[in-house]
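Given next are the chains, with one letter for each unit.
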Amino acid sequence: MIDFFGAFSIEASYIVIGLTAILLTVIILLIVFIVKTSKIKKKYESFMIGSDGKSIENIIKENIKDVKAIKSSTENNSKAIKDIYEKLQFTYCKVGMIKYDAFHEMGGKLSFALCMLDKMDNGFLVNVMHSNDGCFAYIKEIVNGESFIELGKEEQQALKEAVAGKSGSVDLSPKINKMLSEDVKVD
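Residues numbered from 1 in each chain as written. Predicted model: local features only at pLDDT ≥ 70, side-chain atom pairs only at ≥ 80, totals over all residues. Heavy atoms only, no water.

Q: Is there a simple way to think about the packing of aromatic side chains in this case?
A: Overall, the coordinates contain one aromatic pair when judged by the stated rule. Here Tyr-92 and Phe-124 contribute two aromatic rings whose centre-to-centre distance is 5.2 Å and whose plane-to-plane angle is 85°, an arrangement assigned as edge-to-face. One end of the pair, Tyr-92, is in the loop between helix H2 (53-88) and strand E3 (94-100); the other, Phe-124, is in strand E5 (residues 123-130), with 32 residues separating them in the sequence. (Phe/Tyr/Trp six-rings, centres within 6.5 Å; stacked < 30°, edge-to-face > 60°. Helix = DSSP H or I, 4+ residues; strand = E, 2+ residues; numbered from the N terminus.)

Here it is as structure tokens:
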């Protein structure tokens, strides 16, 4: 039995058992640490094969430059796409054309009515009448799918085709054109 300054006493066997338990715990922790360190060292060595620290640093710097260049390019492309989309809002994307014989069996079907509209059904209608004496062209302004000047039968038909847009159906066109205009939004 070991006496500690007369305050308390402990048997030596308990001290030996306690120190042995602590030693075993330390040895187990040391083995776990060595295994983990070995795994990290293997990963590091496979990462560093064929290069030194300076070349890895240069590779990382080059990759960062590439990422910045790609980011800049993406931002520029987004701006360009937005600009193109805004310009497309005012381009003529709906076309209707009717060929007809203006003077019935005198010139064949060489006359035509051509209507070109943007997404908002604004644009123009050109009527070109061909005869044996010459060719006459008339243009009429279209606002919101309507003309303020009276239209002939062929002109009305060309306007209806243009308003129908991609659907080609005069009955379905307002619904489809509305869906198309609501579908694409660019921020």
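Continuing now.
Q: Got a minute to help me understand the pairing of strand E4 (residues 111-117) in this structure?
A: The side chains of a regular strand alternate, first on one face of the sheet and then on the other. Burial runs high along E4: five of the seven residues are buried. The sheet contact formed by E3 and E4 spans seven bridges and is antiparallel. Counterpart to Met-97 in the pairing with E4 is Leu-114. Pairing geometry for E4 and E5, over six bridges, is antiparallel. Directly across from Leu-117, in E5, lies its bridge partner Gly-123. Between the antiparallel neighbours E4 and E5 lie five residues, among them Asp-121 with a positive phi of about 60°. (Buried < 20%, exposed > 50% of the residue type's maximum accessible area, 1.4 Å probe, protein only. Pairing = 2+ DSSP bridges.)

Q: For this particular structure, what's the right way to read the environment of Glu-161?
A: Relative to the helices and strands, Glu-161 is located in helix H3 (residues 153-164). Separated by 64 residues in the primary sequence, Glu-161 and Met-97 place their C-alpha atoms 7.4 Å from one another. Sequence-distant contacts of Glu-161, defined by excluding residues within four places in its chain, comprise Val-95, Gly-96, Met-97 and Ile-98. (Contact = heavy atoms within 4.5 Å.)

Q: For this particular structure, what's the right way to read H3?
A: Structurally, the α-helix is built with 3.6 residues per turn, so residues lying three or four positions apart point the same way. Between its terminal C-alpha atoms H3 stretches 17 Å, which fits the 16 Å expected from 12 residues at 1.5 Å a residue. Along H3, the residues that are buried comprise Glu-155, Ala-158, Leu-159, Ala-162, Val-163 and Ala-164. Immediately downstream of H3, the backbone of Gly-165 shows phi near 60°, a positive value. (Expected span 1.5 Å × (residues − 1).)

Q: Explain the sheet that holds strand E6 (residues 135-143) here, please?
A: Ordered by their spatial adjacency, five strands build an open sheet running E3-E4-E5-E6-E7, and the pairing between neighbours is antiparallel. The open sheet has two edge strands with one neighbour each: E3 and strand E7 (146-147). Looking at chain direction, E5 and E6 are connected through eight bridges and run antiparallel. The residue of E6 that forms the bridge with Asn-127 is Tyr-138. Against the sheet, H3 contacts E3, E4, E5 and E6, and its axis sits at roughly 150° relative to E3. (Axes fitted to C-alpha atoms, helices over the stretch in contact; angles between N-to-C directions.)

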